[in-house]
Amino acid sequence: MAVLRVKFTKTKRDKLAQVLWILNWISVVTGAILFSLGLFLKVELHKQGEVMAERDIQYVPNMLIAVGLIACAINFLGGKICYDCVDTTKFLRWKLIMLPYIICTFFFTFCVLVGALMCYCMHWELEESLNLGLTERTVDMLQMQFQCCGNNGYKDWFQIQWISNRYLDIRIRSNVNGKYLLDGVPFSCCNINSPRPCIQQQITNDSAHFNYEHQTEELNLWMKGCRQALLEYYTHIMQSIGLTVLITWLFELSVLTGVRYLQTSLENVLRQGDPNSESDGWLLENSFMETARMNLNIIKSLGKGNQIDTATNGDPNINVPSTSKAHYGPDNVPPKQITEDS
């Protein structure tokens, strides 16, 4: 029993072919969009490459670029096929190509879905990369651009000596293991929206500043860590791109469904011999279980056909009896058998 059988008249088949021609060209544009999004993401990741550890996080933009290029090629071909399928006679030139085209397009749409899921799953890889990268290097431009301070917060600056010994006031903090632990942050940590002058040195020393209690009042520093700020920035980009790719996948799937109906309905028209007659179209000629069983049997038969019979040394004619008559010379007389008596 066919799956999702639909009856098509000639008018409906022609309209379906015309609509699919338009949708395929729209899909070419969506492929270009995917390609552009992949390039955009690649550039954005490269911009902050200095604050990211050496981890393989470029696979998502690379996949988006590849999927975008393939989408343009596949849908360009699909548009040409659908345009010719308006004429039943022109369908004959594409008849043998359409089924392989549909199968390849099906696996391609699956790759688009995988790309959408990868955009959402990249969050964890990105978080780990930023966590390791920001531990090694932090820059003022980064903190000012993303309005953040330190890796996880401003107190991260207390753990490293970020001022040269040449300019370091030894009275600021005590010496531990040969390094002076600072009680301040770089100027780029200052919150530009705060009405109070920025307190970036001796932050935990209440007596060093007028009317100041660092434990109770709101500090005029960026309180968000740069890892969180960058992660939120890239997560927003990845979610937007993932949603776009997911919508593209649904669109490609609908176009693929329409092409399948067009193919099966036109093949049934050829069987009937009347180009103006009604015909049935379907997604699968048999049920899902029957289709899976048939494909499995085909794969098994191909595997058996490639096996070599070792008992016959691979000669398929060794057990076939000969039908030709033996020729025994010009007199056509078989030689006498030699016996022990002779």
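Labelled according to an unreviewed UniProt entry, the chain appears under the name Peripherin 2-like a, originating from Oreochromis niloticus. Under Subcellular location (unreviewed entry), UniProt gives the following word-for-word description of the chain: "Membrane".

Running from N to C, helix α2 (residues 59-84) and helix α5 (residues 226-272) point in directions that differ by 25°, and their axes come no closer than 12 Å. Compared by their axis directions, α2 and α5 come out roughly parallel. When the axes of α2 and α5 are compared, the crossing they make is left-handed. Contacts from Val60, Leu64, Ala71, Asn75 and Cys82 of α2 reach α5 at Met238, Ile241, Val245, Glu252, Val259 and Leu262.

A full pass over the atoms with the stated rule returns three disulfides. Each sulfur in the disulfide pair Cys149 and Cys189 lies 2.1 Å from the other. Between Cys149 and Cys189, the disulfide has an S-S torsion of 80° and is therefore right-handed. Of this pair, Cys149 sits in the loop between α4 (140-146) and β2 (175-176) while Cys189 sits in the loop between β3 (179-180) and α5; the two residues are 40 residues apart in sequence, bridging distant segments of the chain. Counting only the cysteines that take part in disulfides, in the order they occur along the chain, gives the pairing 1-6, 2-3, 4-5. In this structure Cys119 is not part of a disulfide, and its nearest cysteine sulfur, from Cys121, lies 9.4 Å away.

Moving on to the UniProt feature "transmembrane region" (unreviewed entry) in the chain. Following the UniProt record, one finds the feature "transmembrane region" (unreviewed entry) at residues 20-39, 59-77 and 98-118. Measuring from the first to the last C-alpha atom of residues 20-39 gives 28 Å, for a span that is 100% helix and 0% strand.

Right, let's talk about the confidence of the model for the chain for a bit. Considering every residue of the chain, the mean pLDDT works out to 78; 76% of them sit at 70 or more. This stretch, residues 308-312, has a pLDDT under 50; its non-local contacts, to residues over four places away or in other chains, come to four contacts. This model gives residues 337-342 a pLDDT under 50, and the stretch forms zero contacts once residues within four places in sequence are excluded.

Relative to the assigned elements, Asp84 resides in helix α2. The exposure class of Asp84 is buried, given its relative accessible area of 2%. As for Asp84 and Trp94, which are separated by 10 residues in sequence, their C-alpha atoms are 8.5 Å apart. Discounting chain neighbours no more than four positions away, the residues touching Asp84 are Lys90, Phe91, Arg93 and Trp94.

Another point: the packing of helix α1 (residues 10-47) against α2. Between α1 and α2, whose axes approach to 7 Å, the crossing angle comes to 165°. Between α1 and α2, the crossing angle belongs to the class labelled roughly antiparallel. With respect to the hand of their crossing, α1 and α2 are arranged in left-handed fashion. Looking at the contact of α1 with α2 residue by residue, the classes come out as 22 nonpolar, nine polar and one charged.

What counts and how
- Residues numbered from 1 in each chain as written.
- Predicted model: local features only at pLDDT ≥ 70, side-chain atom pairs only at ≥ 80, totals over all residues.
- Heavy atoms only, no water.
- UniProt positions renumbered as here; feature names shortened; annotations may be inferred.
- Axes fitted to C-alpha atoms, helices over the stretch in contact; angles between N-to-C directions.
- Helix = DSSP H or I, 4+ residues; strand = E, 2+ residues; numbered from the N terminus.
- Parallel < 35°, antiparallel > 145°, perpendicular 65-115°, else oblique.
- Left-handed = near helix turned anticlockwise from the far one by under 90°.
- Contact = heavy atoms within 4.5 Å.
- Disulfide = S-S within 2.5 Å.
- pLDDT = per-residue confidence, 0-100.
- Buried < 20%, exposed > 50% of the residue type's maximum accessible area, 1.4 Å probe, protein only.
- Nonpolar A, V, L, I, M, F, W, Y, C, P; charged D, E, K, R; others polar.

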